[in-house]
Amino acid sequence: MRLDSIEICGFRGFRDLVQITFGRGFTVITGRNGVGKSTLCDAVEFAITGSISKYAVEKAAKESLSDYLWWRGEGVPDAHYVKVSFVDDDGELFTITRTRESGADHSVDEIHAMLCHSSAPDDALRQLTRTSIIRDEWIAALSLDLTETERFDLVRSALGALEGSEAGSRAKEVVAAAEAAHSKDENVYGAARSRLTDKLTQQSEAQAALSRSGDLSSALQIIGAAAPEAPPELTERLTAGRHALANGRVRLDKMEDALQLGREVALAQAAYNAPETVADREAALAAHEAAQREYQTVQRAVLEAEQRLIREEDMDVMAASLSLLVEHGEQLGLHEDHCPLCAAHRTSEEFAAGLAAARRRITSLASGVQAARDVLAAAKENAQQPSLTLQAVGVKVQAHANELRQLREQEAAHVEFYKQWSIDPRFLNDPDGLEQAISSERGRLIDLERALLVLEASQAVAQISSIESSISTLRSEVENLAQAVSKSKNAVTAAREIERSVRRVSAEIIDERLAQISPLLNELYQRLRPHAEWKTIDYSIRGDVRRFLSLKVGDGLNPQFVFSSGQRRAAGLAFLLSVHLARAWTPLRTLLLDDPVQHIDDFRALHLVEVLAAFRLDGRQIICAVEDPALADLLCRRLVSTATESGRRLDIDHGPLGVTNVITEQEIHPMPVSVLRGLATA
Amino acid sequence: MDIFTQAEILLRDSHYETWRWTGSAGSVICFENAALMGFVHVFDTADTLLSTWSANQQAALTRHAVSLRGAGAKAWNVYSVFLTPDKDMQQGRQIERIEENFSLTRKLARASITTPDDVERALLPLLSIRSKPLLGASNFETRLRTRLKDIPPDAVIALLNEATPADVARILGEVS
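These figures come from a predicted structure and were not determined experimentally.

Participant: Is there a simple way to think about the overall build of chain B in this case?
Facilitator: On a plain count of helices and strands, chain B comes out with 8 helices and 5 strands. Written out in order from the N terminus, the α and β elements of chain B read α-β-β-β-α-α-β-α-β-α-α-α-α. The 176 residues of chain B split such that 39% are buried. Looking at chain B alone, contacts between residues at least 24 apart form 56% of all its contacts between residues at least 6 apart.

Participant: Which parts of the structure should I look at to understand the overall build of chain A?
Facilitator: Within chain A one finds 17 helices and 15 strands. When the 682 residues of chain A are sorted by exposure, 34% land in the buried category. Counted over contacts in chain A with a minimum sequence separation of 6, partners at least 24 positions apart contribute 75%.

Participant: Looking at this model, I keep getting lost on the interface of chain A and chain B. Mind explaining?
Facilitator: Where interface size is quoted, it is often the accessible area lost as the parts come together. Taken together, the contacts link 57 residues of chain A with 45 residues of chain B. Only helix H6 (165-211), helix H13 (459-528), helix H15 (565-582), helix H16 (602-617) and helix H17 (629-638) of chain A provide two or more residues apiece to the side of chain A that touches chain B. With 20 residues, H13(A) is the single largest residue contributor to the side of chain A that touches chain B. Partitioning the side of chain A that touches chain B into residue classes produces 36 nonpolar, 9 polar and 12 charged.

Participant: Looking at this model, I keep getting lost on the confidence of the model for chain B. Mind explaining?
Facilitator: Reading predicted coordinates in detail is not appropriate for stretches of low pLDDT. For chain B, the mean per-residue pLDDT works out to 89, and 96% of the residues sit at or above 70. Across the assembled chains, the prediction reports ipTM 0.86 with pTM 0.62.

Participant: Explain the sheet that holds strand S8 (residues 103-104) of chain A to me, please; I cannot follow it from the model alone.
Facilitator: Strands pair in a sheet through their backbones, by hydrogen bonds, and they do so in one of two ways: parallel or antiparallel. Residue and element names in this part refer to chain A. Spatially, S2-S1-S6-S7-S8 is the arrangement adopted by the 5 strands of the open sheet, whose pairing is antiparallel. What marks the edges here is a single partner per strand, and that holds for strand S2 (18-21) and S8. Bridging between strand S6 (residues 81-87) and strand S7 (residues 93-99) involves 7 bridges; their strand directions are antiparallel. Across the sheet, residue Phe86 finds its bridge partner in S7, namely Phe94. Here helix H1 (residues 37-49) sits on the sheet and contacts strand S1 (2-9), S6 and S7; the angle it forms with S6, its principal contact strand, is near 85 degrees.

Participant: Is there a simple way to explain the pairing of strand S3 (residues 37-42) of chain B in this structure?
Facilitator: The side chains of a regular strand alternate, first on one face of the sheet and then on the other. Residue and element names in this part refer to chain B. S3 sits mainly inside the fold: 6 of its 6 residues count as buried. The pairing of strand S2 (residues 26-32) with S3 spans 5 bridges and is classified as antiparallel. Of the residues in S3, the one forming a bridge with Val28 is His41. The antiparallel hairpin formed by S2 and S3 contains 4 residues in its connecting segment.

Participant: Where do I start with unusual backbone geometry in this structure?
Facilitator: What you tend to see is this: most non-glycine residues have negative phi, and most peptide bonds are trans. If you check the backbone angles, A:Asp595 has positive phi at about 50 degrees while not being a glycine. For A:Asp595, the location among the structural elements is in the loop between strand S12 (590-594) and H16. The backbone phi angle of B:Leu104 is positive, close to 70 degrees, even though this residue is not glycine. By secondary structure assignment, the location of B:Leu104 is in the loop between helix H4 (89-97) and strand S5 (106-110).

Participant: Just checking my understanding: could you explain the nonpolar core for this structure?
Facilitator: Residues A:Ala43, A:Val44, A:Val174, A:Ala178, A:Ala495, A:Ala574 and B:Leu123 are the most contacted members of the largest nonpolar core, which totals 162 residues. Broken down by element, this core gets its largest block of residues, 16 residues, from H13(A). Setting aside anything within four residues of it in sequence, one finds A:Val44 in contact with A:Leu3, A:Ile6, A:Val84, A:Ile133 and A:Leu592. Counting 20 residues, the second largest nonpolar core, distinct from the first, contains A:Leu220, A:Leu238, A:Leu448 and A:Ile464.

Participant: When you look at the packing of helix H9 (residues 275-332) of chain A against helix H11 (residues 369-420) of chain A in this model, what are you seeing that I'm missing?
Facilitator: In a pair of packed helices, the angle between the axes and the distance between the axes together describe the arrangement. Residue and element names in this part refer to chain A. Taken N-terminus to C-terminus, the directions of H9 and H11 make an angle of 160 degrees; their axes are 7 Å apart at the nearest point. The orientation of H9 relative to H11 falls into the category roughly antiparallel. Where H9 crosses over H11, the handedness of that crossing is left-handed. Residues belonging to the contact of H9 with H11 are distributed by class as follows: 20 nonpolar, 8 polar and 10 charged.

Participant: In this structure, what is going on with the sheet that holds strand S14 (residues 647-654) of chain A? I would like to understand it.
Facilitator: All names here are of chain A. Read across the sheet, 6 strands follow the order S9-S12-S13-S3-S14-S15 without closing on themselves; strand pairing throughout is mixed. The open sheet has two free edges, formed respectively by strand S9 (133-135) and strand S15 (660-668), since each of these has just one partner strand. In this sheet, adjacent strand axes meet at a mean angle of 15 degrees when their direction is disregarded. Where strand S3 (residues 26-30) lies against strand S13 (residues 621-626), 5 bridges are found, and the strand directions are parallel.

Participant: Before we go on, may I ask you to explain the pairing of S15(A) in this structure?
Facilitator: Residues and elements named next belong to chain A. In this sheet, S15 lies alongside S14 in antiparallel orientation, the contact comprising 8 bridges. Bridging from a neighbouring strand, Asp651 pairs with Thr664 of S15. Here S14 folds back onto S15 in antiparallel fashion, the turn holding 5 residues, of which Gly658 has a positive phi close to 80 degrees.

Participant: Sorry, what's going on with the environment of A:Phe417 here?
Facilitator: Residue and element names in this part refer to chain A. By the secondary structure assignment, Phe417 is in helix H11. By C-beta crowding, Phe417 is classed as partly exposed, having 16 other C-beta atoms within 10 Å. Measuring from C-alpha to C-alpha, the distance between Phe417 and Met255 comes to 9.5 Å, with 162 residues separating the pair along the chain.

Participant: Help me out: how do you make sense of the packing of helix H8 (residues 234-272) of chain A against H11(A) in this one?
Facilitator: All names here are of chain A. Interhelical geometry of H8 versus H11 gives an angle of 155 degrees and a closest axis separation of 10 Å. When the axis of H8 is compared with that of H11, the two are roughly antiparallel. For the pair H8 and H11, the crossing hand works out as left-handed. Counted together, Ala258, Leu261, Gly262, Glu264, Val265, Ala268, Gln269 and Tyr272 of H8 and Glu403, Leu404, Leu407, Gln410, Glu411, His414, Phe417 and Tyr418 of H11 form the full contact between these two elements. Looking at the contact of H8 with H11 residue by residue, the class counts come to 9 nonpolar, 4 polar and 3 charged.

Thresholds applied
- Residues numbered from 1 in each chain as written.
- Chains lettered and ligands numbered in written order.
- Predicted model: local features only at pLDDT ≥ 70, side-chain atom pairs only at ≥ 80, totals over all residues.
- Helix = DSSP H or I, 4+ residues; strand = E, 2+ residues; numbered from the N terminus.
- Buried ≥ 20, exposed ≤ 12 C-beta atoms within 10 Å, placed from the backbone.
- Contact = placed C-beta atoms within 7 Å.
- Nonpolar A, V, L, I, M, F, W, Y, C, P; charged D, E, K, R; others polar.
- pLDDT = per-residue confidence, 0-100.
- Pairing = 2+ DSSP bridges.
- Axes fitted to C-alpha atoms, helices over the stretch in contact; angles between N-to-C directions.
- Core = buried A, V, L, I, M, F, W, Y, C linked by C-beta atoms within 7 Å.
- Parallel < 35°, antiparallel > 145°, perpendicular 65-115°, else oblique.
- Left-handed = near helix turned anticlockwise from the far one by under 90°.

Laid out in structure tokens, this is it:
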């Protein structure tokens, strides 16, 4: 995209219609001071942005630039408008017409869409004209004489919209929103604290009034003694006093129970240890021992009789078996002089004598069973009475043992009761002392209850209770609000961290981008060679919130202070041209220069021409207005004109009626090639 | 480094036609494009350069006088380049002063030419813009997420997803 043509009528010094077609390669415009060379640059800027930014003072003597945009000289123009046409690489035209009456025929968005890519910076059209049109006034103002912050902003804008630039503004808004929320929370918190302070003052005053009342004062002392750990607030003290009274009552009941228990234990101990009871227990024990001895004696006799009976019954069984054997042998008789039972050789006499002897033995064996039965029956009868006696005496002894066990259990329960209710153990065996302590405690509780009644009945107390209730609520509210303030404060801190990080990441990206364009700046500086000794220029960036871009030459010297005005302009031009070339966000490949060589010597003007020639070699369109015709000649010779990107030269001047016009218009044709080889072709 | 060779490389890279011509004073590189033409002279020492540059310039112009007379306006665009690897600082300044002599040709005169970069710096007025910054994507979001690892992720997501600032602040307040 480059400038194709411009048409001006009734604009600033151009009363009559002037049409200029620019060379696609370059256009050199010459003319004396004040003939309107700058107006051509103004017209381009005005067509794109609707204003001319080189006039920093908007108003002077109640007039502004807008009063001088249109023709104010003699005569009346046919119309008041500026028409600027751009042409893209495919030959498509885009024309902006801006008239005095109806403004531009395209919206800002439409112009933006044609001249800027999506990555364009904020206020892109103004940035576009600012970095496309290099004016004499700006070479100093926008280069070395800029503050370091302004210089940084200019370069950042030239780099175009960086990713995250929107995030930066959003992060700022987040900080503002978090701060607003925090401020609101703090205000609410402060108001609550103020209310709390008021209530505390009221409480203090009411308590002072309370302390001046005698009854109330002594009542407070009694409650303070009963509940020494209670908080100073009256309501809390009353509550603590009530608790102390309730606890005291329970304790008093238990002390009375302990006294009852103690008295019962003492009675039981006295009964158990009475002399007649002790004698009765000893007699029972002696009788029990005697009865046991007699019982053991008769039991031994019974045991012996039972053993004898068992033995006799065994022998009786043997006699019955022997009787059957004898009867069987007798029935069989001798068998061939031999005994049928033992097969011994026996005679009939010997056999009969043997049978008789056997029958005597059988009789002898069977006769002892009955006698043994009789002896056992007698022994059992003798044992019956001692057994009954022992049983009766044992019951008596057991009764005494039960009495002792019950007494011990009663004593243990007594001790356990003292422990359970934390009663002074000194009173375990001193019921009278305990009774005295109970009486004292009862008196203390009566005093405490009276004191509580006095306080509760007091109007001041009612007032204090109300205040304290409010204070309690307010304290809770203040606590919650303090937490909310703490949270919102943390949110502000986090939001600031986000904003800081966004800024830092953006700054790092800008730093990296600047590092990337640094060689370009240095190359242009070397080409323009503002100073014979300092052949390179460096930049440095510093600052976090505000960013500064410093230019240094030599051993860290600021060129702003060591260069002459011409050298400063040359260095400034290097800076502005590098900014122009660094723009990746616009398809416009046109550089307009309005008298860029003022205060620059011929040698450095030549360097500038060579730099512009290098721009041309890069395919850029150069439009340069100069006053000096010789410089115009040099430009026309030095800038490349080709068949497709030709050059033009225009001379403008005032006509006979003082109206600016194009006096001459010349096509700059391509130069012959292969001259040195002697093969020149045009 | 051979200064002649390096000069030809650079000039051809910038679409100049170059060729070598050897005259009585030695070799000269001739170059020409659509707008310019000229000669590169190389000297062994600064002394030689200072004492013979004018004669060498004249010899080259004389040799090509016929062609130059037929070149029209292009004849104004003749460059004489005088280079030496000699590093004499004092003479280096004298050599550079030659450039301020505007008679006959535009002159580029430099001493201490020992590297390809030195040759490029000396020939810069003849070359197209060398530095072409390539500004790629900066991965802002990824870098920001990494930087904000201590901030609740929900808030960062909301910020990057263009939730309202009040919503982002609210999320920060809830999780703080």
